[in-house]
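Residues per chain are reported as follows:
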Amino acid sequence: MAVLGLILALTAGTTRAAPTPDPAPVPRATAVAGAPGSTTALSGYAIQSTAKVTDPAEAVSRPGYGITGWYPAGPRSTVLAALLAAGVHPDPFYSTRQKLIPAADFAVPWWFRSDFTIADTTARTYLDLSGVISAADVFVNGRRVAGAATVAGAYTRHEFDVTALIGAGTNTVAFRVHPNNPRKQLTMGWLDWLQPPPDENMGIVRDVTVRRGGPVALRDVHVVTALDMPSMASAELTVKARVRNDSAATVTTTVSATAGPATVSGSVTLAPREVKTVVFSPAAHPALRLRAPRVWWPASMGGQPLYDLDVTATVDGRTSDTGHESFGIRDVRAPLNADGDRQYRINGRPLLVKGGGWSPDEFLRWDRTYVEDRLKYALDLGLNTLRLEGHIEPDEFFDLADRYGILTLPGWECCDKWEGEVNRAGSGERWTAADHLVARASMAAEAARLRHHPSVISFLIGSDAAPNAEIEKGYLEALEAADWTPPVVPAASDASAPVTGRSGMKMTGPYDWVPPGYWYEKRDGGATGFNSETSAGPSVPTLDTLRRMMSPAELETLWRNPSAAQYHRSPSATFSTLKLYDAALAGRYGPPTGLEDYVRTAQLAQYENVRAQFEAYSRNAKDASAPSTGVIYWMFNSGWTSLHWQLVDRYLDQGGAYYGAKKANEPLHVQYGYDDRSVTVVNSRTSAASGLTARVTLFNTDGTAKYDRSVNGLKVAGGGASSTALTLPASVPGLSPTHLARLLLTDSSGREVSRNVYWLSTRPDVLDRNHTDWYHTPTTSFADLRGLRTMGQVPVTAAGSTTDSPSGVSTTTVTVRHAGTGGTPALLTDLHLVTADGTPVLPVRWSDNGISLWPGESATLTATYRTADRRGSAPHLRISGWNTPTSTIPAA
């Protein structure tokens, strides 16, 4: 059975036990469905350290074994996630509490034990599992089914026929899960964006299912789609399934499939234990040639229709097994352009990849609502892609990405065992012969799991390094066997592999602070080619979030001591402090005067820098020479309470980084070029825009206008095209060293369609390009933005009202007005929806935020959120800004 499991996967310190918990509810036995073709996921486990369980495995894995003192765990759980849920340890996301969790508790295997009941034993029973970190010995009803040498690797998939071991009534499966070390095993690890969990995520993080079947089993059910290009007028579907006779007699089975509107069937005769692949092709079954197919598009380019594939195997008129998947029809290609950069094309249309690096929860806790909220945030930010470097999420993640039209770039992770053979600068150990088998099995399993998702547009078989010939061969053979059709990319860095060739991507940084103007030069991490991971590094969250994650003493150190190691930044010595970041804040804006001043300055700085990164890549996307083809902001989120690499914080609060990205990625957008002072209109909509007027006004910080110019009759094509409206003069008489630029874009009716406000300096940031390293380029002289501190305080008024819908969604509408009488604008005004006690209502999606208004100007904004997230409170609005006193008003 152990050998069978591996074959199927290839084709498809000092120890101290954890403290004894208070009595916890015993996990209920999972009632397993009896119908052939049914699949039932185990509902949860009881877990305990082997340091506290002295009984033999045969006893532990029998029904009725006593589990008093064991901890309950969910159906997908690491050991530490279960202990946190049981209250064994306090919130590790606050302060340095995670340091208090003893790693020695996880240096020995842990038992994961689950009961399930079966009423009808006439059907065959199979145990199907994946997501074991790092490896497990598997027992069913006192019998060893497989060992850790077989069930090894987080991504391998295993199936065991346990029919002979199962009885009517209660049955037990027990996993002895071994400790994880990502430097030694092909599992999951963390590198430099959070403090790694003390248990290294040991556990079972995907569903373990009990499958029932008749004499013939259906496996590897899938459809291969081929969209006719460029017409998209038709599509061909090829349906495949592996049929296996698990009985001792010769059988004839009828396999029937419905793929979208097409229905096909055929019969096959199988000798005992024989396996065959059934193929329904369009040539033999014309119904599989669809006319006018419903084509799947990314969210910004069209709709997301999905089709269903249902396959049934019957024997003597009775259902023996079934298979189902949803799929989309789309064409993805990613050739290298003339500059050697990878250019994605979806259904024939070139796409500028604008994305972020995705992180799961640090303890790999799956929460569908929380994941869906973050995916909606990605769309709100105008992103079209998320990159998953390792930590490849469960099936539901990709189901949601399909539904929302968010593209994904999954792939293996860097710097640990996955790259141990090819990246000697990383921490991973060299591979053994067994590792090659696990890697190939992992690739086969992930390819089979992800191939039908239209949101998946590539697999990156390397990250910082490309695989060598032997490893690449194993990956490619597994991908080919799985009928993988999206492009295969050898690495996220500028690397090559023998067969897949050049990656067409770059990984040149930066990862720490650089000024906004950095992004416009076509070198290093600037806006040319495909940058697979890059940002200006630190991202200090809102004060609300900071107070939830750091102690008062830590908050004091945060703004006073730039050289202090920050636990919530990174475990890496390179990124442990905020020294570079704080030097830039002080050098450009002036030294902070306190915590609140430090945080508001950080939001201002993060807004301008994130905006510049995305704006530069958008502006250069259609350049005739060295265009930008993709940028992945590193990262979209960090997976815990962080000061580092995030557009969205742990609690889903939104600050300057969030709204800078949202502004830059407006569908129709006017923007300023830090490199050439150009004012450009970028149109990411599918259709062209015309009759536009772009106006730019330069102001001193007191609101005195020093330059004003409008250009009428602008036209700009769709699909990411841009048009330069004008170029600002190199100097303007009377302009103060720190000044503001207000860009307005109006349509033919005079309606404002884009507003963008910049704070600029007559003294530029000066980069020391000669000393660029892998993570940043030094700045030898900073722009002078200290004049912002001289801006007078101005009043901003707001009036809000809220509508609660029967569906449980609320909309708060607020009109914000600059109520001052002088000329000074209200810069980066922030609205926060809060409860009566001032707690932010999260998640929330604002139509706009971080807005700047001049005297007499107003803006009407909307916030959409779940009514329940107000927790019974009436809604309130907190208004604040760079030079606006904080106030709170009711918004019922």
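Small disclaimer: the values here were computed from a predicted structure and weren't measured.

Visitor: Before we go on, may I ask you to explain the overall build of the chain in this structure?
Guide: Within the chain, the secondary structure is distributed over 12 helices and 51 strands. Expected size for 892 residues packed as a compact globule is a radius of gyration near 29 Å; at 29 Å, the chain falls within 12% of this value. By its C-alpha atoms, the chain is 95 × 65 × 60 Å across when sized along the principal axes. Expressed as a percentage of its 892 residues, the buried residues of the chain come to 62%. Total accessible area on the chain is roughly 31,200 Å²; 51% of this is exposed by carbon and sulfur atoms. For the chain, the separation between the mean place of its 83 positive charges and that of its 86 negative charges on side chains is 2 Å.

Visitor: Sorry if this is basic, but what is going on with the side chain of Arg219 here?
Guide: Along the chain, the position of Arg219 falls in strand β15 (residues 216-227). A relative accessible area of 6% means that Arg219 is categorised as buried. Polar contacts involving the side chain of Arg219 include one to the side chain of Glu159, which spans 2.4 Å. A polar contact is formed between the side chain of Arg219 and the side chain of Asp321, at a distance of 2.9 Å. Once you skip the residues sitting within four places of it in the chain, Arg219 turns out to touch Tyr126, Glu159, Arg211, Ala241, Arg242, Arg244 and Asp321.

Visitor: Help me understand the packing of aromatic side chains in this model?
Guide: Aromatic rings in a pair are described by how distant their centres are and how their planes are angled relative to each other. Under the defined criterion, the tally for this structure stands at 39 aromatic pairs. Centre to centre, the rings of Trp111 and Phe139 are 5.8 Å apart; their planes meet at 55 degrees, and the pair counts as tilted. Placement of Trp111 in strand β6 (residues 110-118) and of Phe139 in strand β9 (residues 136-140) is noted, with a sequence separation of 28 residues between them. Take Trp111: its relative accessible area is 2%, and that puts it in the buried class. The class for Phe139 is buried, based on a relative accessible area of 2%. Ring geometry for Phe699 versus Trp854: centroids 4.7 Å apart, planes at 40 degrees, classification tilted. Remark: Trp854 occurs in the loop between β48 (851-853) and β49 (858-866) and Phe699 occurs in strand β37 (residues 689-700); sequence separation between them is 155 residues. Grouping residues by exposure puts Phe699 and Trp854 together as buried. Among the aromatic residues, ring-to-ring pairing joins Tyr155, Trp412, Trp418, Phe459, Tyr475 and Trp484 into one connected group. Cation over ring: Arg548 sits above Tyr651, and NZ or CZ is 3.6 Å from the ring centre. Between the NZ or CZ atom of Arg600 and the centre of the ring of Trp882, over which it lies, the distance is 3.9 Å.

Visitor: Looking at this model, I keep getting lost on the pattern of salt bridges. Mind explaining?
Guide: Oppositely charged side chains may form a pair once their charged atoms are brought near each other. Tallying each qualifying case throughout the model produces 58 salt bridges. Where Arg211 meets Glu159, a salt bridge forms, and the shortest distance between an N and an O atom there is 4.0 Å. Here the residue Arg211 occupies a position in strand β14 (residues 209-213), and Glu159 occupies one in strand β11 (residues 158-161), the gap between them amounting to 52 residues. The pair formed by Arg211 and Glu159 is uniform in burial state, with each residue classed as buried. A salt bridge links Asp765 to Arg588; the shortest N-O distance between them is 3.0 Å. Taken together, the positions of Asp765 in the loop between β41 (752-761) and β42 (766-767) and Arg588 in helix α10 (residues 579-589) put the pair 177 residues apart, joining distant regions of the chain. Of the residues examined, Asp765 reaches a relative accessible area of 21% and is grouped as partly exposed. Counted as one network, the salt bridges with shared partners bring together Asp128, Arg157, Glu159, Arg211, Arg219, Arg244, Asp246 and Asp321.

Visitor: Help me out: how do you make sense of unusual backbone geometry in this one?
Guide: Glycine aside, the phi torsion of most residues is negative, and most peptide linkages are trans. The omega angle of the peptide bond from Met229 to Pro230 is 10 degrees, so this bond is cis rather than trans. Following the sequence through the fold, Pro230 ends up in the loop between β15 and β16 (234-245). Following Trp634, the chain continues to Met635 via a peptide bond in cis, the omega torsion being 10 degrees. With respect to the element layout, Met635 can be found in the loop between β34 (628-633) and α12 (656-664). For Leu364, which is not glycine, the phi torsion reads 55 degrees and is therefore positive. Along the polypeptide, Leu364 turns up in the loop between β26 (353-357) and α4 (368-380). Take Leu364: its relative accessible area is 10%, and that puts it in the buried class. We note that His391 has phi near 45 degrees; this positive angle belongs to a residue other than glycine. Within the secondary structure layout, His391 lies in the loop between β27 (385-389) and α5 (395-404).

Visitor: When you look at the state of the cysteines in this model, what are you seeing that I'm missing?
Guide: Two cysteines, two sulfur atoms, one covalent bond between them: this is a disulfide. Applying the stated criterion to the full structure yields one disulfide. Here Cys414 pairs with Cys415 through a disulfide, and the sulfurs are 2.4 Å apart. Here the disulfide of Cys414 and Cys415 is left-handed, its torsion about the S-S bond being about -90 degrees.

Visitor: Could you clarify how one ought to interpret the sheet that holds strand β24 (residues 345-346) in this entry?
Guide: For sheets, the rule is that strands pair by backbone hydrogen bonds, running either parallel or antiparallel. Strand order in this open sheet of three strands is β23-β24-β25, and the pairing throughout is antiparallel. Only two strands of the sheet have a single neighbouring strand rather than two, namely β23 (332-333) and β25 (349-350). Where β23 and β24 come together, two bridges link them in antiparallel fashion. When the bridges of β24 are listed, Arg333 appears paired with Arg345.

Visitor: Explanation requested: the pairing of β6 in the structure shown.
Guide: A regular strand carries its side chains on alternate faces of the sheet. With seven of its nine residues buried, β6 lies for the most part within the structure. Of the pairings in the sheet, the one linking strand β1 (residues 30-31) to β6 comprises two bridges and is parallel in character. Within the sheet, the bridge partner assigned to Thr30 lies in β6 and is Phe116. Relative to β6, strand β3 (residues 45-49) runs antiparallel, the two being bridged by four bridges. Within β6, the residue paired with Ser49 across the bridge is Trp110. Across nine bridges, the pairing between β6 and strand β12 (residues 169-177) is antiparallel. Each residue of the ladder has a partner; that of Phe116, found in β12, is Asn171.

Visitor: Looking at this structure, how should I read the sheet that holds β48?
Guide: The sheet built from four strands is open, its strands ordered β48-β46-β50-β51 with antiparallel pairing. The open sheet terminates on both sides in strands that have one partner only, identified here as β48 and β51 (884-890). Neighbour to neighbour, the strand axes of the sheet diverge by 30 degrees on average, direction disregarded. As judged from the five bridges shared by strand β50 (residues 876-881) and β51, these two strands associate in the antiparallel manner. Bridge pairing in β51 places Ile879 opposite Ser887.

Visitor: Looking at this structure, how should I read the pairing of strand β28 (residues 407-411)?
Guide: For β28, a buried count of five out of five residues is recorded, marking the element as mostly surrounded by other parts of the structure. Here β28 shows two buried faces, one formed by Leu407, Leu409 and Gly411 and the other by Thr408 and Pro410. Across five bridges, β27 lies against β28 in parallel orientation. In the sheet register, Leu386 faces β28, and the bridge partner there is Thr408. The parallel pair β27 and β28, bridged by α5, forms a crossover whose chirality is right-handed.

Visitor: What should I look at first to understand empty space enclosed by the protein in this one?
Guide: A water-sized probe, rolled over the atoms, reveals where empty space remains. Within this model, the largest cavity holds a volume of roughly 120 Å³. Taken together, 13 residues form the lining of the largest cavity, with Val223, Thr225, Arg451, His452 and Thr485 sitting closest to its centre. Among the elements that make up the lining of the largest cavity, the one with the highest residue count is β15 (four residues). Tallied by class, residues from the lining of the largest cavity come to four nonpolar, six polar and three charged.

Visitor: Would you explain the environment of Leu42 in this entry?
Guide: Here Leu42 is to be found in the loop between β2 (39-41) and β3. Judged by relative accessible area, which is 2%, Leu42 ranks as buried. Each C-alpha atom, one on Leu42 and one on Asp830, is 46 Å from the other, the two residues being 788 residues apart in sequence. If we ignore the near neighbours within four places in the chain, the residues touching Leu42 are Thr30, Pro75, Ser114, Phe116, Val173, Val208 and Val210.

Analysis parameters
Residues numbered from 1 in each chain as written. Predicted model: local features only at pLDDT ≥ 70, side-chain atom pairs only at ≥ 80, totals over all residues. Heavy atoms only, no water. Helix = DSSP H or I, 4+ residues; strand = E, 2+ residues; numbered from the N terminus. Rg over C-alpha atoms; globule rule 2.2 N^0.38 Å. Buried < 20%, exposed > 50% of the residue type's maximum accessible area, 1.4 Å probe, protein only. Areas by Shrake-Rupley, 256 points an atom, 1.4 Å probe, with all protein chains shown as cover. Lys, Arg positive; Asp, Glu negative; His and termini not counted. Charge placed at Lys NZ, Arg CZ, Asp CG, Glu CD. Polar contact = N/O pair within 3.5 Å; in protein donor to acceptor, adjacent residues only side chain to side chain. Contact = heavy atoms within 4.5 Å. Phe/Tyr/Trp six-rings, centres within 6.5 Å; stacked < 30°, edge-to-face > 60°. Lys NZ or Arg CZ within 6 Å of the ring centre and 35° of its normal. Salt bridge = Lys/Arg side-chain N within 4 Å of Asp/Glu carboxyl O. Disulfide = S-S within 2.5 Å. Pairing = 2+ DSSP bridges. Axes fitted to C-alpha atoms, helices over the stretch in contact; angles between N-to-C directions. Right-handed = clockwise from strand over helix to strand, strands pointing away. 1 Å grid on protein atoms, 1.4 Å probe; cavity = no way out; pocket = protein on both sides within 12 Å on 5 of 7 lines; lining within 4 Å. Points joined across faces, edges and corners; volume = space filled by probe spheres on them. Nonpolar A, V, L, I, M, F, W, Y, C, P; charged D, E, K, R; others polar.

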